[in-house]
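Summary of the model geometry
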Amino acid sequence: MEVPGSYGVPWLSAIKDKLDFHYIQGEVEFFKSRVKKYKSTVLKVNFIPTPPGFPNPAGIALLDQRSFPVLFDNSKVDKRDVFVGSYKPSDAFTGGVRTLAYLDTEEEKHARLKEFVFQILKSTGPRFLSEFEAEMASALAGVEAEMESGTKNSIAVSSKLLDLAFNFMVKAVTGGADPSSQFGSYGPLLMQLWIGVQFAPISPRTQLPAVIEELLLRSFPLPPLIVRWPYDRIAGFFRDNATALIDMGEKQFGLDREEALHNLVFVVGVNGFLGFSRMLPSLLFYVASQSEAFQQRLGGEIRGAMGDDGSARKFMAAVERMPLLKSTVLEVMRIAPPVLYQYGRARREFVVESGDGREFLIRKGELLGGSQALVCRDPTVFDSPDEFVPDRFLGAQGRELERCVFWSNGRNTDSTSSANKQCGGKDFVETIGRLFVAQLYLRYESIKLGPDSKPESPVIKSLRKISVATRT
Ligand code: HEM
């Protein structure tokens, strides 16, 4: 059967669709309204970005639990240069290197670079956790000091979480080099500039007026030269300080030193920093928005499993005894996946099945794209899909559902490997998410957010510290 939907009039309809997507309907309604119109969760759409600067927006959206996983099937889908869809930022953004995220599994370099990433995580693992713990303690001490000064009613924490994400990753991969010695407090900003310009055409809505945003950011690719200076400074810092990992890339994986370096910067900056800068605020938002009773229950589980020892080492030993923590973090990843879209190009002609059992013909070369905002809220799989239900993944039935969460470009029950395109940091990301929440409730009995909090920008109104009575 032919895929329903229409690309409309060349250029004009694509531009209209882009305006719907960003400014008129919004990302979720954009897809929902088209599902309704064409009565299908597999349909033709114009993806962003669009003409004039990006001539090939036509693709097929996969918006249900049955069709979406075809994106993980290497035999059907080619992941070459589709990390963010039809737009491929110039390699000049990454020192002239085409980084791992843009490579397909059939390219020889993919497996080698992915093994390099696994080895980075393995060799630096304990350091990541201890740096995270230290940076988190310092971020929370900063929040408490601001609260105690009494000058503010509530504390916006997004920028502190950005600092945390930046510092712990950079320090871990450089063996403890302090980025502030080189960048002052501007490290995260330099990284954001580099990321922002590189992905401007597909970035979420900014605070700029729509016309300016459209003309400035989304009409044509921005020249890498704009962010050459910040990127060279960041890459220079890694070149000077991450020598042990670059040596490892060269000796153990046969990589050119510059290739190892720019891949390392991409993994830390785009995969890690960008991912955590979205994940940590939404973890705090969803957990701290829950009732006092829930926070007591979650905190009780964490403190019961870890006792007085809040160290990362103890955490790793105790994590299996914290099922509610695991379920809660996974529920945040379901309701607010940090990366919303996944893409792939059909390697050959094949048939894809939609959630309602219809079969559609996909032709070789067609761009396929899935939206997790819809798939991870597919009502045929998840009860009350738009509600945050922290217990959702508990018990035998809950564990069955874990496979239906796709934040990592794969099922949550699948394992990342050099033979697939699943997030290389999947287990690490889950660990950091759980450690983040555990550290919060080892320190506080409850957290209250201000009414102006949003998942991307939580504002803390009050923190109730653990009392001696609770500890004993
Ligand atoms: C790829 C999510 C953090 C390493 C991906 C992809 C997603 C993702 C969705 C697949 C993109 C695609 O091809 O469609 C996330 C999220 C993170 C995060 C949400 C944090 C919240 C990390 C970290 C690392 C990492 C910390 C490593 C230290 C990678 C690598 C790939 C990847 C190497 C490319 C895999 C490949 O090409 O085979 N990530 N990631 N990620 N991620 Fe992550």
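As shown above, the structure is provided for reference.
Residues numbered from 1 in each chain as written. Predicted model: local features only at pLDDT ≥ 70, side-chain atom pairs only at ≥ 80, totals over all residues. Heavy atoms only, no water.

Focus on the side chain of Glu107
Convention followed: Helix and strand assignments follow DSSP, with helices taken as H or I runs no shorter than four residues and strands as E runs no shorter than two, numbered in order from the N terminus. Between buried and exposed lies partly exposed: a residue is buried under 20% and exposed over 50% of the maximum accessible area for its type, with that area taken using a 1.4 Å probe on protein chains only. Note on contacts: a residue pair qualifies if any of its non-hydrogen atoms lie within 4.5 Å across the two residues.
Along the chain, the position of Glu107 falls in the loop between β3 (77-78) and α3 (108-148). Here Glu107 falls in the buried class, since its relative accessible area comes to 16%. Excluding residues that lie within four positions of it along the chain, Glu107 makes contacts with Arg80, Arg98 and Tyr102.

Section: the state of the cysteines
Disulfide: a covalent bond connecting the sulfur atoms of a pair of cysteines. The test is simple: For this text, the term disulfide refers to a pair of cysteine sulfurs within 2.5 Å.
For the coordinates displayed, the defined rule picks out zero disulfides. There is no disulfide at Cys404, and the cysteine sulfur nearest it, in Cys376, is 8.9 Å away.

As for the packing of helix α10 (residues 257-288) against helix α16 (residues 426-443)
Keep this limit in mind: Axis definition: a line fitted to C-alpha atoms, limited for helices to the stretch in contact. Angles are taken between N-to-C directions and run from 0 to 180 degrees. Note that the term roughly parallel is reserved for angles under 35 degrees, roughly antiparallel for angles over 145, roughly perpendicular for angles of 65 to 115, and oblique for everything else. Two helices that cross are described as forming a left-handed crossing if the nearer one is turned anticlockwise from the farther one by less than a right angle, and a right-handed crossing if clockwise. Here the term charged refers only to Asp, Glu, Lys and Arg, the term nonpolar to Ala, Val, Leu, Ile, Met, Phe, Trp, Tyr, Cys and Pro, and the term polar to all other amino acids, Gly among them.
Look at α10 against α16: their axes get within 11 Å of each other, and the N-to-C directions meet at 40 degrees. Compared by their axis directions, α10 and α16 come out oblique. Crossing handedness for the pair α10 and α16: right-handed. Only Phe428, Val429, Ile432, Gly433, Phe436, Val437, Leu440 and Tyr441 of α16 make contact with α10, whose side of the interface consists of Phe276, Met279, Leu280, Leu283, Leu284, Val287 and Ala288. Taken together, the residues of the contact of α10 with α16 break down into 14 nonpolar, one polar and no charged.

Overview of the site of the ligand
So the rule is basically this: Here a residue is near a molecule or strand as soon as one of its heavy atoms is found within 4 Å of it. Pairs of N or O atoms within 3.5 Å make up the polar contacts considered here, provided that, within protein, one atom can donate a hydrogen while the other can accept it, and that residues adjacent in sequence are counted only when both atoms are side-chain atoms.
The local shell around the ligand holds 25 residues, among which Lys79, His110, Lys114, Lys421 and Cys423 are the closest. Taking Lys114, its side chain carries an N or O atom lying 2.9 Å from an oxygen atom of the ligand. Note that an oxygen atom of the ligand is positioned 3.3 Å from one of the backbone N or O atoms of Asn420. For the shell around the ligand, the elements supplying multiple residues, two or more each, are α3, α10 and α16. Among the elements that make up the shell around the ligand, the one with the highest residue count is α10 (six residues). Partitioned by chemical class, the residues of the shell around the ligand number twelve nonpolar, ten polar and three charged.

Considerations on the pairing of strand β1 (residues 42-46)
For clarity, the cut-off: Two strands are counted as paired when DSSP detects at least two bridges linking them.
Within β1, five of the five residues are buried, which leaves the element mostly enclosed by the surrounding structure. Neither face of β1 is exposed, since Val42, Lys44 and Asn46 on one face and Leu43 and Val45 on the opposite face are all buried. Bridging between β1 and strand β2 (residues 58-62) involves five bridges; their strand directions are antiparallel. Along β2, the bridge assignment pairs Val42 with Leu62.

Focus on the sheet that holds strand β10 (residues 459-465)
The three strands are arranged β4-β10-β9 in an open sheet whose pairing can be described as antiparallel. Looking at which strands have only one partner, the edges of the open sheet turn out to be β4 (155-156) and β9 (444-449). Here two bridges tie β4 to β10, and the two strands are oriented antiparallel to one another. Considered in β10, the bridge of Ala156 is made with Val459. Taken strand by strand, helix α11 (residues 292-306) contacts β9 and β10, and its axis lies near 145 degrees from that of β9. Sheet contacts for α16: β9 and β10; angle to β9, the most-contacted strand, approximately 110 degrees.

Some thoughts on the coordination of the iron atom of the ligand
By definition of the ideal shapes, a tetrahedral metal site with four donors has angles of 109.5 degrees and an octahedral site with six donors has angles of 90 or 180 degrees. This is how it is decided: Shown as donors are all N, O and S atoms within 2.8 Å of a metal ion, widened to 3.2 Å for Na, K and Ca; because water is not in the atom set, sites may appear incomplete.
A lone protein donor contacts the iron atom of the ligand, and this donor is Cys423 (SG), found at 2.3 Å. Mapped onto the elements of the fold, Cys423 is located in the loop between α15 (395-401) and α16.

What to know about the packing of aromatic side chains
Each aromatic ring pair is specified by the distance between its two centres and by the angle formed by the two planes. To be explicit about the condition: Paired rings are identified among Phe, Tyr and Trp, the last through its six-membered ring, by centres lying within 6.5 Å, and are further divided according to the angle between planes into stacked (under 30 degrees), edge-to-face (over 60) and tilted (the rest).
Applying the stated criterion across every chain, the model contains 27 aromatic pairs. Taken together, a centroid distance of 5.4 Å and an interplanar angle of 85 degrees make the contact between Phe47 and Tyr343 edge-to-face. A residue pair is termed long-range when its members are at least 10 positions apart, and Phe47 in the loop between β1 and β2 and Tyr343 in strand β5 (residues 341-346) qualify at 296 residues. When its relative accessible area of 5% is taken as the criterion, Phe47 is described as buried. Note on Phe54 and Tyr87: the rings are 5.4 Å apart at their centroids and 85 degrees apart in plane angle, and the pair reads as edge-to-face. Of the two residues, Phe54 sits in the loop between β1 and β2 while Tyr87 sits in the loop between β3 and α3, which places them 33 residues apart along the sequence.

Some thoughts on the layout of surface pockets
Worth spelling out the cut-off: Cavities and pockets are defined on a 1 Å grid built over the protein atoms alone: a cavity is a set of grid points where a 1.4 Å probe fits but cannot escape, while a pocket is an open set with protein on both sides within 12 Å along at least five of seven lines, and lining residues are those with an atom within 4 Å of any such point. Grid points are joined across faces, edges and corners, and a volume is the space filled by probe spheres set on the points.
Put simply, the second largest pocket is a space of about 420 Å³. Those elements that provide at least two residues to the lining of the second largest pocket are α13 (323-335), α15 and α16. Examining the composition of the lining of the second largest pocket, we find that six residues originate from one element, α13, more than from any other. Its residues assigned to classes, the lining of the second largest pocket shows eight nonpolar, six polar and nine charged.

Quick word on α3
So the rule is basically this: In a helix, the anticipated span is given by 1.5 Å times the number of residues less one. Note that bend, as reported per residue, equals the angle between axes fitted to the 7 residues terminating at that residue and the 7 residues originating from it.
Taking 1.5 Å per residue as the helical rise, α3 with its 41 residues ought to reach 60 Å, and the 56 Å between its terminal C-alpha atoms agrees with that figure. At Thr124, α3 shows its maximal bend, which comes to roughly 65 degrees, and the proline Pro126 appears one to four places after that position. Directly beyond the C-terminal end of α3, a positive phi value near 70 degrees is found at Gly150.

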